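Structural characterization, general
Listed here are the chains, written in short residue letters.
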Amino acid sequence: MSENDVPGYPGLYRRDGSDVWYVRKKVPSELRIIYIGENKGLQLRKSLKTSNKKEAIRLYASAMAEFDREFELKRVEVDQKDHISQVLLTGRLERLTDTEIDALVWSWWQKRAALRQPNIDAFDLRETLDVIEDDLQAVVAPRADEEDPAKSVADQLLIDVGIVARPRKIGAITTVAKSPLVDRTSAQYRYLCDRVRIALEIECKLARDHLKGERSAPADPVFNPASGLPLRSSGASSPRNVGQLLTAYRSEREKEFGTESTARKFGLLFKVIEEVLGRELPVAEIKREHCVEVMAFLRALPPNATKRFRDRPLKAAKETAELDRLPGLAPKTVGTYMQNLAAILNWAEKSGWDVDVNTKGLVRTREAMVKRRGFTPDELSTLFSELSKLRDVRPTRFWVPAIAAYTGARAGEICQLRVEDVVEEQGVWCLNLTMFDARGRRAIDKRLKTRSSERFVPLHPELLSSGLLTFLDTRKNDVRLFPDLKQGPKGNYSHELSKWFAAFLDRLKMKDPCLVFHSFRHGFRDACRDALIAQETAEALGGWTGENQATRYGDRGRVPVLAEAIARIKYGDFRLSAP
């Protein structure tokens, strides 16, 4: 029997030689590369486990709906990742800006420093120089009958950063070499190859200069800024421009704070600067008026513009928003981006980029209109008398606030906890608030506000007597302690819970603007003072401390000291309800 679909039921079929009915559905085009990267086929298939055609037709709709749910979950998974991760996952290289391409090339370039200073014996000098000259000619003038070195290196660069690749085929032969699944006709792929070609040319010349003791390599603001020779670009010198500044700043920030943090806090701003000022604007010509232009553009830009207008320039998104009268970014958000712009310009000035721009007063700082406070014992009683009703049906909504009240941990720190983060140390049960897993590897879905936020916090007796360890037992087959919490738009697991808690306070008529989820942390700090806990111990418990002696109090060796201190935390007559 053939595998032709049943008329009216596309995807319903029987395999050759089988009486069992199956369903299949093609993977949507935007998800194909993801499925290839996961070594899955481009069609999902499922056995309906029946040889009865009527029964197969009855099961058809639910099976196809299951496929659709999987596709939607995959789309949500992609949307929750940062911009760079989305590009790497989907192979949509055309969605990267020139600055983001530059950052990839710069990261690759830094790893090749040894190639620019080869250590060769005098006996091999002539031969090595000949090889360098051959490589240089292949880069500058690639032969039509040979593979272009710049494209080969660019392809390997993409594979190394995580772009999905598959083996190349020459006729019927599958080669060992792999090829990244990107659009080779896109402008961004061509730009990447051009940047790699310039880098390879300069690399060859720097290696040659190193061996011959010369300085003939052309200056380049990215690849050879220390050269005393003028930059050669179409026969004329070019001053350092905005595109190069953004590339350099991105690289410096990623070294200290990582790729994810930089993309989250500066990704949109980099794109706005590129579109408003242009990449070729010399940095020495940046004026205060340019900053005002950036600020005006940000104010008119709708929220989530990069997702709502995914494949369009930001200028088009801004124009659409103005025509449709969509609200712009919140003033606080604009203010944050302008502070980040000031940080870029200040860094450039200190780093010798010939930038001198006065950014003071562009965004006026406003004094806080509300002073947050902790919950009173009566308010805690009201809160947890209602929260305790959720202990069995929605345990996350009980335990996250309970843990916050008796550890002072932030919502994000609690919501991202893994089961392995609840540990017994020296006979004391603790939360291990960390960005690493049990094997010491960085967990990509975990983050902490500051370096001092990484700490051990003993579990308060109230949490233990209320059944937290019993709850832990129910999660022993899960990876995350609160698996029902999903990552929000910024990658934080606390997104939906924070929104729910705000609405929950409203339902309880606790509408004091001074009260938010973070009030648990304020209350914990006040309780530490009331218990006469030493300042450095309190700071270690809450992760408030800076880089000084007190940071050592948050490690394993200080657990007994911290346990004795946290046991003294009380909120008047309030107690968590018994399990």
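Here, every reference points to the structure presented above.
In short, a report on the structure. Numbering of residues starts from 1 in each chain and follows the order in which that chain's sequence is written. Only residues with pLDDT of at least 70 get local features here, since the model is predicted, and only at 80 or more are side-chain atom pairs given and counted; chain-wide, interface and lining totals rely on the full set of residues. With hydrogens and water stripped out, all remaining heavy atoms of the structure feed into the side-chain values.

Once that is clear, we can look at the pattern of salt bridges. One speaks of a salt bridge when a side-chain nitrogen belonging to Lys or Arg is within 4 Å of a carboxyl oxygen belonging to Asp or Glu. Evaluated as defined, the whole model comprises 28 salt bridges. In this structure, the salt-bridge partner of Asp-130 is Arg-126, at a minimum N-O distance of 3.3 Å. Pair noted here: Asp-130 and Arg-126 are both in helix H5 (residues 125-140), with a separation of four residues, about one helical turn. What makes Asp-130 partly exposed here is its relative accessible area of 37%. Each residue's exposure class comes from its accessible area (1.4 Å probe, protein chains only) as a fraction of the maximum for that residue type: buried when under 20%, exposed when over 50%, partly exposed otherwise. The class for Arg-126 is exposed, based on a relative accessible area of 52%. Where salt bridges share partners, they join Asp-98, Asp-102, Arg-195, Glu-274 and Arg-279 into one cluster. Secondary structure elements are defined from DSSP: runs of H or I of at least 4 residues count as helices, runs of E of at least 2 residues count as strands, and each element is numbered from the N terminus.

Here the focus is the sheet that holds strand S6 (residues 422-425). As summarised here, the arrangement of the three strands in space is S6-S7-S8, forming an open sheet in which the pairing is antiparallel. A strand with exactly one partner marks an edge of an open sheet, and here the two such strands are S6 and strand S8 (455-458). Shown here is a sheet whose adjacent strand axes are inclined to one another by a mean of 40°, direction ignored. Two elements, strand S7 (residues 428-433) and S8, share four bridges in a ladder whose sense is antiparallel. Across the sheet, Leu-431 pairs through a bridge with Val-457, a residue of S8. Pairs of residues are marked as contacts when any of their non-hydrogen atoms sit within 4.5 Å. Think of each axis as a best-fit line through the C-alpha atoms, taken over the contacting stretch in the case of a helix, with angles from 0 to 180 degrees between the N-to-C directions. Where helix H22 (residues 559-566) meets the sheet, its contacts fall on S6, S7 and S8, and the angle it forms with S8 comes to roughly 45°. Only when DSSP finds a minimum of two bridges between them are two strands counted as paired.

When the centres of two rings from Phe, Tyr and Trp lie within 6.5 Å, Trp using its six-membered ring, the rings pair. Their planes under 30 degrees apart give stacked, over 60 give edge-to-face, and anything left gives tilted. For the structure on display, the rule yields 23 aromatic pairs. Seen in terms of ring centroids, Tyr-249 and Trp-347 are 5.5 Å apart; in terms of plane orientation they differ by 75°. Their pairing is edge-to-face. Linking Tyr-249 in helix H8 (residues 242-257) with Trp-347 in helix H13 (residues 331-350), this pair joins segments that are 98 residues apart in sequence. What makes Tyr-249 buried here is its relative accessible area of 9%. Summarising the aromatic geometry, the rings of Phe-501 and Phe-517 are spaced 5.2 Å apart at their centres and angled 80° between planes, so their arrangement reads as edge-to-face. Placement of the pair is Phe-501 in helix H19 (residues 495-507) and Phe-517 in the loop between H19 and helix H20 (519-530), with a sequence separation of 16 residues.

Within this scheme a cavity is a closed region of a 1 Å grid, computed over the protein atoms alone, that accommodates a 1.4 Å probe without allowing it to escape, whereas a pocket is open but has protein on both sides within 12 Å along at least five of seven lines; lining residues each have an atom within 4 Å of a point. Grid points are joined across faces, edges and corners, and a volume is the space filled by probe spheres set on the points. Counted according to the given criterion, the structure contains three cavities of 30 Å³ or more. Taken together, the elements giving at least two residues each to the lining of the largest cavity come down to H8, helix H9 (259-277), helix H10 (288-300) and H13. Only Asp, Glu, Lys and Arg are considered charged in this grouping, and only Ala, Val, Leu, Ile, Met, Phe, Trp, Tyr, Cys and Pro are considered nonpolar; every other residue, Gly among them, is considered polar. Considered class by class, the residues forming the lining of the largest cavity number eleven nonpolar, one polar and no charged.

As summarised here, the arrangement of the three strands in space is S1-S2-S3, forming an open sheet in which the pairing is antiparallel. At either margin of the open sheet sits one strand with a lone partner, and together these are strand S1 (12-14) and strand S3 (43-47). Pairwise comparison of adjacent strand axes, ignoring direction, gives a mean angle of 35° for this sheet. Here three bridges tie S1 to strand S2 (residues 21-26), and the two strands are oriented antiparallel to one another. When the sheet's bridge partners are listed, Tyr-13 is paired in S2 with Tyr-22. Taken strand by strand, helix H2 (residues 53-79) contacts S1, S2 and S3, and its axis lies near 30° from that of S2.

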